[in-house]
Amino acid sequence: MKILVCITHVPDTTSRIAFTDGNTKFDKNGIQFIIGPYDDYALARAVELKEQHGGSITAINVGEAETEPTIRKALAIGADEAIRVNAHPEDAIFVAKQIASVAKGGDYDLILMGRESIDFNGGQVHGMVGEILGIPSISPVMKLDIEGNTAKVTREIEGGKEYLEIEMPFIAGCQEPIAEWKIPNMRGIMSARTKPLNVIDPTGDNPMNVVEVFEMPPAKSGVKLVEPDNLEELVKLLKTEAKVI
Amino acid sequence: MSVLVFAELEEGQVKKSSLEAVSYSLALGGEVSVIAFGTMDDSAIAELGKAGATKVLKVTDAKLAENNIMAYSSAVAEAMEKEGADFLVLAKSSLGDPISARVAIKVGAALGSNVVDLPDTSSGFKVKSSIYTGKAYAVSELKGDKKILVLKKNAAEIKEDGGAPAVEEFTPATKDEDFKAKVTSTDKATGDVLLPEADIVVSGGRGLKGPENWGMIEELAKELGAATGCSKPVSDMDWRPHHEHVGQTGIKVSPSLYIAVGISGAIQHLAGVNSSKYILVINKDPEAPFFKAADYGVVGDAFDVVPKLTEAIKAQRS
Ligand SMILES: Cc1cc2nc3c(=O)[nH]c(=O)nc-3n(C[C@H](O)[C@H](O)[C@H](O)COP(=O)(O)OP(=O)(O)OC[C@H]3O[C@@H](n4cnc5c(N)ncnc54)[C@H](O)[C@@H]3O)c2cc1C
Ligand SMILES: Nc1ncnc2c1ncn2[C@@H]1O[C@H](COP(=O)(O)O)[C@@H](O)[C@H]1O
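Nothing here was measured: the structure is a model prediction, and the numbers come from that model. (Residues numbered from 1 in each chain as written. Chains lettered and ligands numbered in written order. Predicted model: local features only at pLDDT ≥ 70, side-chain atom pairs only at ≥ 80, totals over all residues. Heavy atoms only, no water.)

Let's shift gears to the sheet that holds strand β14 (residues 227-230) of chain B. Strand order in the open sheet formed by six strands is β15(A)-β17(B)-β16(B)-β15(B)-β13(B)-β14(B), and the pairing between neighbours is parallel. Across the chains shown, the open sheet's two edge strands, defined by having one partner strand only, are β15 (224-225) of chain A together with β14 of chain B. For β15(A) and strand β17 (residues 296-299) of chain B, the ladder comprises two bridges, and the chain directions are parallel. From the neighbouring strand, Leu225(A) faces β17(B), where its bridge partner is Gly297(B). Against the sheet, helix α6 (residues 231-241) of chain A engages β15 of chain A together with β15 (257-261), β16 (278-283) and β17 of chain B, with an angle of about 170° to β17(B). Strand contacts of helix α5 (residues 215-224) of chain B: β13 (200-204), β14 and β15 of chain B, with the helix running at about 175° to β13(B), the strand carrying the most contacts. (Pairing = 2+ DSSP bridges. Helix = DSSP H or I, 4+ residues; strand = E, 2+ residues; numbered from the N terminus. Contact = heavy atoms within 4.5 Å. Axes fitted to C-alpha atoms, helices over the stretch in contact; angles between N-to-C directions.)

As structure tokens, this is what we get:
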């Protein structure tokens, strides 16, 4: 089984976000970058599927040279080879076109992604790649098992779950509890250094959603504390000041 | 200008987030058509009209009764073409996200996701989106003639002064390739207020000690017509179902009021709730980080405060 895993290079979930250059650039100062937490689930499930069914795992990232340590981490966790499409991932459509262009030549049985990236939170690249390739995309996926050529998939929906059956090839956007995150071991880290990481040029497609400026949410004016034995006061505030109940 | 809205139904009624999408589209300016799959109550059609729809395309084809993202996407693209719509507006959801993505490719549209406000059209077409899981916003220019906007909850207020819409049965041309993924069954809580749709959310954390103590959370939620949520460890330990888990790696909510009980306020939890209009925190530790993100707070024992708060709300009603 050939699996393509799409990984993002994103600020760690504990990062405090800030911008520079008149709020036009992300401030990387002091930020630790990681594999997107949902992409980590996708990669972990890919490693398990390879253990069960054999095959190979290719990791792909659309990003500039700075993402290579993150890609190496994916190799250390268990990808066999990696591809970096050398371009700034400006919008979901641009990224999807890059991934689809690689996937077209690769004959993958399964394309695993995260449910969403944690920078732009679109949850859209899977659907776009699926549409370009003419194959189904399912997200967010909590469970994915494969038997023969057919997969049984559990998708989370608002207030519950949906169970699907589907033939490969298809795309899944993964989330917990699909697999346990895997931590690279020493052997993995050593072998990652010599695994192939191919850098390729992007297609000529243009992004259609271009960020002009970033904004921070307005700061909270501070909490109003109410004594636990004066909850009538709290109810009054919620009703007359916030007007939410 | 013509706008198509993809509306979602829940037991015959239109979801609130879809009504927001209709009123948002009305404010964009232009004719608003709606496409909805499944059986719809007459009152639902009236509600769509009041919110601003002038036309409703009803898809009741039995082949499309189960969620089918590929077929729905083809139908939505076909409806855009048929209505001459340059815009598709929909609410962010487990259907809205994939459909918007596929239609964007089908019709070659620019796409804005997590949109929180009306666009600025003074020069170009600029939308404001929530990014970094609610920690910041991006203002971006959408290029191209066709545009798709995926709205976050509360991007627009629901209007109520529209008239009765024209209703049309729409039977999309279905293609075999669109039936590759089959929904075999669904497992869904009924009757509860859905978390992403809720105007008020009452959430509990590890401070509640165990699943047996959720009764008081549910009572408070019931009194407020609220949905219940929880922190990640709570769903990891199976105290509550996974679809209630709020935060960076769970559901992102933006209710008018978020009530956090016995939750410390870790940055990953805050990421899922920081676009709530108001936050009320109940925690026995005055140093809990959540108080810094809160509008209202009670420092006290949840087992004492929550039942008393429910009583105080009841008392104020009567
Ligand atoms: C990659 C990553 C992603 C994550 N994603 C999420 C996410 O999406 N959502 C999420 O929630 N977490 C997430 N987390 C976990 C997060 O970091 C915290 O561990 C978690 O939110 C803590 O949950 P909690 O507040 O319920 O528990 P605790 O941190 O244990 O807090 C319990 C709180 O209850 C209070 N308390 C105790 N007893 C009482 C009482 N009797 N009355 C009132 N208050 C009381 C305590 O003072 C304390 O503040 C993530 C972590 C990582 C690493
Ligand atoms: N720049 C990128 N490179 C590789 N994969 C990506 C990139 N951006 C997004 N993806 C994949 O698409 C998924 C959904 O991303 P998004 O639509 O941005 O929320 C992510 O979890 C990744 O698996």
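After that view of the structure, there is still more to cover.
A few words now on the environment of Ala18(A). All names here are of chain A. Considering the arrangement of structural elements, one finds Ala18 in the loop between β2 (9-11) and β3 (19-20). Relative accessible area serves as the criterion here: at 30%, Ala18 is assigned to the partly exposed category. Taking the C-alpha atoms as reference points, Ala18 and Ile31, separated by 13 residues in sequence, lie 9.9 Å from one another. In this structure, Ala18 is in contact with Lys25, Phe26 and Asp27, ignoring residues within four places of it in sequence. (Buried < 20%, exposed > 50% of the residue type's maximum accessible area, 1.4 Å probe, protein only.)

What follows concerns the packing of aromatic side chains. Per the stated rule, a full pass over the model turns up twelve aromatic pairs over all chains. An angle of 65° between the planes, with centres 6.1 Å apart, marks the rings of Trp214(B) and Trp239(B) as edge-to-face. With Trp214(B) in the loop between β13 and α5 and Trp239(B) in the loop between α6 (232-236) and β15, this residue pair connects regions lying 25 residues apart in the sequence. For the residue pair Trp214(B) and Trp239(B), the accessibility class agrees, reading buried in each case. Between Tyr278(B) and Tyr296(B) the ring centres are 6.2 Å apart and the planes differ by 25°, which places this aromatic pair in the stacked class. With Tyr278(B) in strand β16 and Tyr296(B) in strand β17, the pair connects residues that are 18 residues apart, well separated along the chain. Judged by its relative accessible area of 23%, Tyr278(B) falls in the partly exposed class. Members of the aromatic cluster, connected to one another through ring pairs, are Phe19(A), Phe26(A), Phe33(A), Phe120(A), Phe214(A) and Tyr132(B). Lying across the ring of Tyr108(A), Lys2(A) places its NZ or CZ 4.8 Å from the centre. The cationic tip of Lys128(B) hangs over the ring face of Tyr137(B); the distance from NZ or CZ to the ring centre is 4.7 Å. (Phe/Tyr/Trp six-rings, centres within 6.5 Å; stacked < 30°, edge-to-face > 60°. Lys NZ or Arg CZ within 6 Å of the ring centre and 35° of its normal.)

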